[in-house]
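What follows is each chain in one-letter form.
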Amino acid sequence: MTTVLIVAATAPKQPAVLIEALERFRARGANVTVACLFNSADLPVDPALAEVRTFAVPGEKRDARLRKALGRAPANRKVWLHARRNAWLRQLYRKADLLVALDARAVHTVWEMAQRNTRAGAYYGLVPAQRALDARRTESVGRRLERQVSAAAGIGARGARRAAAQTVRTTLRKATGQTVMSNPAGAWFWTRALAAPRVPDRVRSKLAVRLHDSAVKAGRPAVAARAASAAVSRISSAGTRADVLTKAAQAELALGRVPTGLHDAIRAQLALADSLLPRDSTKAAAAVSRAWSLASNRVLHFDRLSSPMSEDPGAFLAPFRESTAARKLSAKRGRLAPAAPAPTDRPLRLLVTTLINDNFLQEILERYRAMPNVEVRFLDLYDDPATRPLALSGSTVMEHLLAGDSSYGAKIEEWLRPHLDWADTVFVDWCQATAALFTLHDPGTARIIVRLHSFEAFNFWPHLVDFSRVDDVVFVSEHLKDLSTAVLPQLTEADGPRLHVIDNAMDLQRYPRAKPADARFTLGMVGFSSVAKDPRWAVEVLRRLRERDERYRLTLIGSDFNNRTSKPAKDYGKLFSKDLAELEPLGAVRRYGQTDDVPAALQEVGVILSASVRESFHCGLVEGAASGAVPVVRDWPFFAGKPHGARTLFPADWVVDTPEEAAERILAVTATEERWAEAGRAASEHVLKTWDWTVTQSGYDRLLLDD
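Undergrad: Would you mind showing me how to read the packing of helix H12 (residues 238–254) against helix H13 (residues 262–276) here?
TA: What describes two packed helices is the angle between their axes and the distance between those same axes. Between H12 and H13, the shortest axis-to-axis distance is 8 Å and the interhelical angle comes to 150°. Between H12 and H13, the angle falls in the class roughly antiparallel. Handedness of the crossing formed by H12 with H13: left-handed. For the pair formed by H12 and H13, the contact residues are Ala238, Gly239, Ala242, Asp243, Leu245, Thr246 and Ala249 on the first element and Asp264, Ala265, Ala268, Gln269 and Leu272 on the second. Considered class by class, the residues forming the contact of H12 with H13 number seven nonpolar, three polar and two charged.

Here is the structure:
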C-alpha cells in the first residue's frame, strides 16, 4: 500500500477539493495522512479517507531555543522548524512514499522531508501528486544511492552554514553588547571601527544602532552619542544618516530617557525633508512626520516631571523654525473673504465641534441650545466610522500641506464643506486634528474660533493649523496663553487671530454640601492617573502630616494610575504602588475610584490638593474648593517663576512651593474645626464668585454673540 503524507500550513479555503482528492487517493489504495500546522478540528475529514493530525498549534508552549529560531526564520522555514521537532511526524515522513505540499508555505517543509527520505517523491499540489501515484516507477539502485549521497551532503552543508552564521551572530552580539560598551577600551575600539573608511553604509548603520543601544543600556549615553556621531560622519546617504540618528533617539526614548542626540535626529530628518521637498512631497512629509514624532514623544513632555518645551520653547522648536518643509506646514494661505457679521434676520448658526473629548462643552451646549436666537449643531469628528480615519492621520495632513493638493484634501473638503457653508460661527474645542482640518481649506465666510487647552501646546497638531484662517483663539488661563504664544509665535503677529482668556465653563453650584467634622483630616485629589498629576507629591505631604498627627488621610478620586503609556510612567507607577502598599493597609490612603457623582465624593474631603507639575486651570481643584474644602496648590513647576502661573491664578495663600510648606499650611488651617470651616467657606465663596458658570458665561456670550 502506498503511504501519502500531505503537509498543510494553513486551512484550505476549499475543503471540498481536498476531500475529492482524498477519495481518489483511497480509490487507488493509498494510506493518507494530513499533517497540519493549524488545529485539526478546523479540517473535518472522514477518518476513513485520511488521518488528520496537528503537529504544532499556534500559541502552544515553546522552549527558548525554538522561540529564538522562530523569531529569526522566514515564514516558510517556520513550518519546517515545527515539523522537524515532532517525533510522530519525523517517523511518518521517513517511511512515506509520496510527500505533498498542500500550500505554498508547506513547500519548503516537504522539500526538507524529501532530502531526508530520498526514496519518496515530493510534489506541490494535489493534482501532480495524483499523477505521480498513477505513474510510479521503480528507481535504479545506483540513482537512488546518488540522490541519498547528494541529499545527505546538502543537509550537512546547510547545517554547517547555519551553524557558522549563528556562531558569527552570537559572537558579534556578545562583542557589541553592554559589557563591552561599558568598558572604555571596548567603546574606543568600536567607535574607531564605526569611523573606519570603506565600510558599506548598510553595515555601518546597523552596527551603529546596535552599539548605540548597548552603550545606552550600559548607562553610558555619552559613549552612545559618540558612536552614533562616528558612524554618521562616514555615512554618505542623508536618509541613512537620519535613520541611524532617529533609531538611536527612539532607543533612548523607549528606555525613558531624553536622548542626547534628540536634536541631531530631528535636524537630520528635517534636512532630509528639505532636500526631498522639491521633487517628492510624500517622502518629505514622512521625514517631517518622523521629526515631529520624536519632538512630541510623550516621554519628553507627559510622562516625566519636566519638559524641554516648557523650559525653553524657542530652543526646543528651533530646528522646525529653520526648516523649509516644517515652516510650510503652518504657512499662511489666508481666506478669500473675512468672516461675515452675525446675522440680524435669523438665529446665529453655531457649530460646536471636537474630536472624541467633549468634557468641557456641556454647559456651553446647554446654554446656547436654550437660546431662541442661536441654532446649535454639534459635530464630533470621531462619531462617523466612515470618515473617522480621515481625522486620525497627522502624517496625511502633512503630506497634503506640502503637496498643496491631494485626494485626501478633496475628501476633507467634501466632508466639512457642508458644515462650513451652514455655520456662521464654528467653535472648535481643542487645538488638534479638528482645528487643522477646519483650516485645511478656505472657511468661506464662517467665523472660526479655536480653544486651546493644555496638552496641544506640547503636540504637533497646532503646527498644522493655518491661523490666518482662524479669527479667535481662546485660552483658559494666562499662563497657558504665555506658553502657547511662545510655542506658536504666529499667534501674536499683527495679522494673527484675536486672543482671549476665558475660564472653563463649570457648574459649581452643585458642589457646596455640609461636611462631617472628621473631613477636616481628609486630604483629597481629583484625578491622579498620570505622571503630570504627580500623586507621589501628595503622598509626601501626607507623610509629613502623619508624622505630627496620624488622623490625616488621603482620598484619591478618579481612575487608577495608568502605567502603560511608557517606561517612565511604569517606573513612576511602581514607586506609587509601593506608597499605596504601605499606606492603604493603615487606612492612610483610600482610592475612591471613578465616579459620576463627584460632589458626593468631595463631601468627605476637607482639604483639596493640586499636586500637579502642570495644569491649564485644574477644574478638580476648583470643584473641591467649591465644595468647601480648603485648597492647597503646588506652584506648578512647568510655570513656576514665570509671569503667570498658579500664583497669579489663585489667591496667594493657597499656593505653596514644597511638601513641607503644604503640610504647614494644612496643619495651620485645620488646627481647629472652626478655623477649618471658615477657611473652607471663604474658598467656596471665592470660586463661586469667580469661576461659576453664572459668572463666566458672560465671557462666552461676548465671544460668540457679539460682533
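Undergrad: Looking at this structure, how should I read the side chain of Lys533?
TA: Looking at the element boundaries, Lys533 is found in the loop between strand S12 (522–526) and helix H24 (535–546). Polar contacts involving the side chain of Lys533 include one to the side chain of Glu615, which spans 2.6 Å. If near-sequence neighbours (up to four positions away) are discounted, Lys533 is found in contact with Met525, Gly527, Phe528, Ala611, Ser612, Glu615 and His618.

Undergrad: Mind showing me how you'd approach the nonpolar core here?
TA: One recurring pattern in soluble globular proteins: nonpolar side chains tend to sit buried together. Within the largest apolar cluster, 127 residues are counted, with the highest numbers of intra-cluster contacts made by Leu437 and Phe650. Phe521, Met525, Leu609 and Val632 belong to the second largest nonpolar core, which has 35 residues in total.

Undergrad: Teacher, can you tell me more about the packing of aromatic side chains here?
TA: The relative placement of two aromatic rings is captured by the distance of their centres and the angle of their planes. Applying the stated criterion across every chain, the model contains 17 aromatic pairs. Note on Phe521 and Tyr552: the rings are 5.2 Å apart at their centroids and 75° apart in plane angle, and the pair reads as edge-to-face. Residue Phe521 is found in the loop between strand S11 (498–501) and S12, and its partner Tyr552 is found in the loop between H24 and strand S13 (553–557); the two are separated by 31 residues along the sequence. One exposure class covers both Phe521 and Tyr552, and it is buried. Ring pairing ties together the aromatic residues Phe617, Trp636, Phe650, Trp654 and Trp691, which thus form one cluster. Residue placement shows Arg367 over the ring face of Tyr368; its charged tip is 5.9 Å from the ring centre. Against the face of Tyr382 rests Arg388, its NZ or CZ located 4.1 Å from the ring centre.

Undergrad: In this structure, what is going on with helix H21 (residues 407–422)? I would like to understand it.
TA: A turn of α-helix holds 3.6 residues, and therefore any two residues three or four places apart point the same way. For H21, which comprises 16 residues, the first-to-last C-alpha distance of 24 Å matches the rise-based estimate of 22 Å (1.5 Å per residue) to within 8%. For H21, every residue scored as buried is listed here: Tyr408, Gly409, Ile412, Trp415, Leu416, Arg417, His419, Leu420 and Trp422. Where H21 is buried, its residues meet strand S6 (348–354), strand S7 (374–380), helix H20 (394–403), strand S8 (425–429), helix H22 (433–438) and strand S9 (447–452).

Undergrad: Looking at this model, I keep getting lost on the sheet that holds strand S16 (residues 630–634). Mind explaining?
TA: Whether parallel or antiparallel, the strands of a sheet pair through hydrogen bonds between backbone atoms. Spatially, six strands are ordered S14-S13-S12-S15-S16-S17 in an open sheet, and the strand pairing comes out parallel. Each of the sheet's edge strands pairs with one partner strand only, and the pair in question is strand S14 (589–593) and strand S17 (655–656). Summarising the sheet, S12 and S13 pair through five bridges and their orientation is parallel. Note that in S13 the partner of Met525 across the bridge is Leu556.

Undergrad: Even after reading the chapter, I still don't get the sheet that holds S7, so can you show me in this structure?
TA: Taken together, the six strands give an open sheet; going across it, the order is S7-S6-S8-S9-S10-S11, and neighbouring strands pair in parallel fashion. The sheet is open, and its two edges are formed by S7 and S11, each paired on a single side. When the angles between neighbouring strand axes are averaged without regard to direction, this sheet yields 20°. Pairing of strand S10 (residues 472–475) with S11 involves four bridges; the strand directions are parallel. Paired with Phe475 across the strands is Val501, a residue of S11. In the packing of helix H19 (residues 362–369) onto the sheet, the strands contacted are S6, S7 and S9, and the crossing angle to S7 comes to about 145°. Together, S9, S10 and S11 form the strand contacts of helix H23 (residues 478–487), whose direction differs from that of S11 by roughly 150°.

Undergrad: Just to check I follow, could you spell out the layout of surface pockets for this structure?
TA: Vacant regions in the atomic arrangement are exposed by a probe of water-molecule size rolled over the atoms. Estimated volume of the largest pocket: approximately 1500 Å³. Asn357, Asn359, Phe360, Lys533 and Cys619 are the residues nearest the centre of the largest pocket, which is lined by 42 residues in total. Sorting the residues of the lining of the largest pocket by element identifies H19, helix H26 (598–602) and helix H27 (619–626) as the ones contributing at least two each. With three residues, H27 is the largest single contributor of residues to the lining of the largest pocket. Residues of the lining of the largest pocket, tallied by class, amount to 16 nonpolar, 16 polar and ten charged.

Undergrad: In this structure, what is going on with the confidence of the model for the protein chain? I would like to understand it.
TA: Low-pLDDT portions of the prediction should not be read for the details of their coordinates. Within the protein chain, residue pLDDT values average 92, and 93% of them lie at 70 or more. Contacts of residues 137–142 to residues separated by more than four positions or lying in other chains number two contacts, the stretch itself having pLDDT below 50.

Undergrad: I keep staring at empty space enclosed by the protein and nothing clicks. Help me out?
TA: The final tally for this structure, using the stated rule, is two cavities of 30 Å³ or more. Size it by volume and the largest cavity reaches roughly 70 Å³. Taken together, Ser330, Lys332, Val465, Asp466, Phe467, Ser468, Gln490, Glu493, Asp495, Gly496 and Pro497 make up the full set of residues lining the largest cavity. Around the second largest cavity, the lining residues are Ile412, Glu413, Leu416, Arg417, Leu420, Leu437, Phe438 and His441. Among the elements that take part in the lining of the second largest cavity, H21 stands out by supplying five residues, more than any other.

Undergrad: I would appreciate a short explanation of the packing of helix H14 (residues 281–295) against H20 in the present structure.
TA: Two numbers describe how H14 lies on H20: the axes approach to 8 Å, and their chain directions differ by 130°. Considering their axes alone, H14 and H20 lie oblique with respect to each other. With respect to the hand of their crossing, H14 and H20 are arranged in right-handed fashion. Counting all contacts with H14, which are made through Ser281, Thr282, Ala284, Ala285, Val288, Ser289 and Trp292, the residues of H20 involved are Ser395, Met398, Glu399, Leu402 and Ala403. A breakdown of the residues in the contact of H14 with H20 according to their chemical character gives seven nonpolar, four polar and one charged.

About the criteria used
- Residues numbered from 1 in each chain as written.
- Predicted model: local features only at pLDDT ≥ 70, side-chain atom pairs only at ≥ 80, totals over all residues.
- Heavy atoms only, no water.
- Axes fitted to C-alpha atoms, helices over the stretch in contact; angles between N-to-C directions.
- Helix = DSSP H or I, 4+ residues; strand = E, 2+ residues; numbered from the N terminus.
- Parallel < 35°, antiparallel > 145°, perpendicular 65-115°, else oblique.
- Left-handed = near helix turned anticlockwise from the far one by under 90°.
- Contact = heavy atoms within 4.5 Å.
- Nonpolar A, V, L, I, M, F, W, Y, C, P; charged D, E, K, R; others polar.
- Polar contact = N/O pair within 3.5 Å; in protein donor to acceptor, adjacent residues only side chain to side chain.
- Core = buried A, V, L, I, M, F, W, Y, C linked by side-chain atoms within 4.5 Å.
- Buried < 20%, exposed > 50% of the residue type's maximum accessible area, 1.4 Å probe, protein only.
- Phe/Tyr/Trp six-rings, centres within 6.5 Å; stacked < 30°, edge-to-face > 60°.
- Lys NZ or Arg CZ within 6 Å of the ring centre and 35° of its normal.
- Expected span 1.5 Å × (residues − 1).
- Pairing = 2+ DSSP bridges.
- 1 Å grid on protein atoms, 1.4 Å probe; cavity = no way out; pocket = protein on both sides within 12 Å on 5 of 7 lines; lining within 4 Å.
- Points joined across faces, edges and corners; volume = space filled by probe spheres on them.
- pLDDT = per-residue confidence, 0-100.

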